[in-house]
Amino acid sequence: MITLPLFISGAEIAFIIFILVMVFGADKIPEIAKGLGQGMRHIKNATNDIKGEVMRSAEKHGMDTQGMTDDVKKGIDQVKEDIEEITGSVKRRF
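Keep in mind it's a predicted model, so treat the numbers as computed, not measured.

How each quantity is defined
- Here the residue index of a chain counts from 1 through its sequence in written order.
- It should be noted that, the model being predicted, local features are given only for residues of pLDDT at least 70 and side-chain atom pairs only at 80 or more, the latter also being counted only at that level, while totals for whole chains, interfaces and linings use all residues.
- As a convention, hydrogens and water are excluded, and side-chain values are obtained from all of the structure's heavy atoms.
- Secondary structure elements follow DSSP: runs of H or I no shorter than four residues count as helices, runs of E no shorter than two count as strands, and numbering proceeds from the N terminus.
- Burial classes follow relative accessibility: with a 1.4 Å probe on protein chains only, a residue under 20% of its type's maximum area counts as buried, one over 50% as exposed, and anything between as partly exposed.
- Accessible areas in this description were obtained via Shrake-Rupley with a 1.4 Å probe; residue shielding takes into account the shown protein chains only.
- Here the expected span of a helix is defined as 1.5 Å times the quantity of residues minus one.
- Nonpolar side chains (Val, Leu, Ile, Met, Phe, Trp, Tyr) within 5 Å and like charges within 9 Å form the patches, drawn only from residues with over 30% relative accessible area and no salt bridge.
- What makes a salt bridge here is a side-chain nitrogen of Lys or Arg within 4 Å of a carboxyl oxygen of Asp or Glu, nothing more.
- Residues counted as positive are Lys and Arg, residues counted as negative are Asp and Glu, and His and the chain ends are not counted.
- Charge positions are represented by NZ for Lys, CZ for Arg, CG for Asp and CD for Glu.

Student: So, the overall build of the chain: which residues are in play, and what are the values?
Tutor: Within the chain, the regular secondary structure consists of three helices and zero strands. Listing each helix as α and each strand as β along the chain from the N terminus yields α-α-α. For the chain, the residues scored as buried account for 5% of the 94 residues in total. Carbon and sulfur atoms form 65% of the exposed surface of the chain, whose accessible area is close to 8800 Å².

Student: Summarise helix α2 (residues 29-60); cite the residues concerned and give the values.
Tutor: In an α-helix there are 3.6 residues to a turn, and that puts residues three or four apart on one side. In this model, α2 (32 residues) spans 46 Å end to end at C-alpha, consistent with the 46 Å of a helix rising 1.5 Å per residue. Positive phi shows up at Gly-62, right after α2, with a value of about 80°.

Student: Would you mind going over a negative patch on the surface in detail, with residue names and values included?
Tutor: Residues Asp-77, Glu-81, Asp-82 and Glu-85 make up a contiguous surface patch of negative charge. Take Asp-82: it is sitting in helix α3 (residues 65-87).

Student: Please set out the pattern of salt bridges residue by residue, giving values where relevant.
Tutor: Side chains that differ in charge, positive against negative, can pair when their charged atoms come close. Per the stated rule, a full pass over the model turns up two salt bridges. In this structure, Glu-31 engages Lys-28 in a salt bridge whose closest nitrogen and oxygen atoms are separated by 4.0 Å. In this structure Lys-28 comes out as partly exposed when scored by relative accessible area, which is 41%. In this structure, Arg-56 and Glu-53 form a salt bridge, with 3.1 Å as the shortest nitrogen-oxygen distance. With Arg-56 and Glu-53 both in helix α2, this residue pair falls three residues apart, about one helical turn.

Here you go:
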């Protein structure tokens, strides 16, 4: 049986789709999906705009954005190493 990262089986997905068709009707589902896609695109564009503005502001004030990015990555890698050290040989099985 195929499972998704959300640990939902194929039968559960089919049941959810069946309920969606029963509640909204087959003709409304594409409109709902289109609206969700547009909303996700707007969010992505907004985050890119914010990221660009932060980068431009940092460069304007003479901050080294690449150095900050490297520092953050090093910190994240250190935390990952610490977690791996603490957990040791404990591994999850899927």
